[in-house]
Each structure stands twice: as structure tokens, then as C-alpha cells.
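Spelled out from the first residue to the last, the chains are:
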Amino acid sequence: DTGVSQNPRHKITKRGQNVTFRCDPISEHNRLYWYRQTLGQGPEFLTYFQNEAQLEKSRLLSDRFSAERPKGSFSTLEIQRTEQGDSAMYLCASTSGLQAEQFFGPGTRLTVL
Amino acid sequence: GNSVTQMEGPVTLSEEAFLTINCTYTATGYPSLFWYVQYPGEGLQLLLKATKADDKGSNKGFEATYRKETTSFHLEKGSVQVSDSAVYFCALSQTGANNLFFGTGTRLTVIP
């Protein structure tokens, strides 16, 4: 399968713990996006990478959130000191160009107890 | 700012019925418009898109026309099938921007 993959698919954690998610984009795609989707809502943009450079961050991305894409391939999204409001589906997407189709991964569902 | 307003669901139709899911948008300039679909247990997939006014996007029997005068991009299908049951998201992307703005999604259930 050469699509976008995300791990883990599900994560349950206790409030205050740190969590890290991983996204592996389609191999030739240089642009990678993170979105968050809460129940009953559409995905909301969090941040965007072109190669290893993080070029844009949403106001939704508080200082507890950090994302990296160290070698311009896979990306990680870390949430520190998780809160119940962080419970959501975290989606990753990749694309080969500015106006090209974004291909989405299956998402990581985070539940904070 | 940019926003997308979708017809609220859920929508339940019988097989072979006509489908319309309304979508209107607010944006500056000339955005590109998209419909994404999420089948049960799967990730979001692009269904169709239109990049300029009066363009019609089409795929798998679905169609949507970019109407700048009414700022709309309604999704239609003449005869739905059980396999079309999914959540449909309308989205926009500004020219030169890097991210998508999504509506809240409309859940469609097609019954035999």
C-alpha cells in the first residue's frame, strides 16, 4: 500500500500525559499537513510542512503541540500535558504540489480520559 | 475569512433516489472548491473538484458546479446506490494557500 499511513490508529491516554503520533506520507510528496477533526465537525488545519520546513501553523496549535518532519519524509505530532479537549481524530495528508490533491491518511483517534 | 456551510444531515434516501447536498462558501478572491468523501472505516478521499467559476466537477456519477454568483457548490447524483453511504465534506482552498477549509460534513445513508 503506497498511501498515507498513520500510527497508532487509536490512542487512549490520561490527562496530563504526553502523546506522539506518526505520519508517513506518500513517498514522493514534499508537502505534509496535519488536521484535527472533532466529533460532528469537519477537519481543521493545524500545520503544514514543505520538505522539512514547517511553514504555517494554525492558531489552534497551542504551545503544547509540536510537529516535526526532520528529514522531509515522515512527520510526528506531539501533544504535551494532554487535556480532555484534545480528544479528536488527528489526520495527516500529503500532496506533491500547491494546488494538487491532498491524500489523507486514516487518522489517529485520541481519547484523553 | 474563509468558511464553508453545508446542509445538515443526516440524509437518508432510498436506492435510486436523487441526491442533493447543499454547500455554500465565504471566501475572498477565487478559491478552488472540493467535495471529499469518507466511507466507513476509511480516510478522506477526494470525490471531485472545480477550480474556477462555472467549472463542473464530476466523478462516479456525482456532479457539482462552481457558482460564483451564489457562492455555492452543491453536490448532486441522479441515482444513489447503497455503496454511496458515507460522510461528504465540502471544502475550499484559497489560491496560493496551503490548507483546506472544510464544512461540517453530511452523513448520507442509502437504504435498499
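So, how was this worked out
Residues numbered from 1 in each chain as written. Chains lettered and ligands numbered in written order. Predicted model: local features only at pLDDT ≥ 70, side-chain atom pairs only at ≥ 80, totals over all residues. Heavy atoms only, no water. Helix = DSSP H or I, 4+ residues; strand = E, 2+ residues; numbered from the N terminus. Buried < 20%, exposed > 50% of the residue type's maximum accessible area, 1.4 Å probe, protein only. Contact = heavy atoms within 4.5 Å. Pairing = 2+ DSSP bridges.

**Details of the environment of Val87 of chain B**
All names here are of chain B. As for its placement among the helices and strands, Val87 is situated in strand S10 (residues 86-93). Here Val87 falls in the buried class, since its relative accessible area comes to 12%. With 48 residues separating them in the primary sequence, Val87 and Tyr39 have C-alpha atoms 6.5 Å apart. Look past the residues within four positions of Val87 in its chain and what remains in contact with it is Tyr36, Val37, Gln38, Gly105, Thr106 and Arg107.

**Details of the pairing of strand S9 (residues 88-95) of chain A**
Residue and element names in this part refer to chain A. With 8 of 8 residues buried, S9 is to be regarded as a mostly interior element. Here S9 shows no split at all, with Ala88, Tyr90, Cys92 and Ser94 on one side and Met89, Leu91, Ala93 and Thr95 on the other all buried. Where S9 lies against strand S11 (residues 108-112), 3 bridges are found, and the strand directions are antiparallel. Residue pairing in the sheet places Met89 in a bridge with Arg109 of S11. Sheet analysis places S9 next to strand S10 (residues 103-104), joined by 2 bridges and oriented antiparallel. Within S10, the position partnered with Ser94 by the bridge is Phe103.

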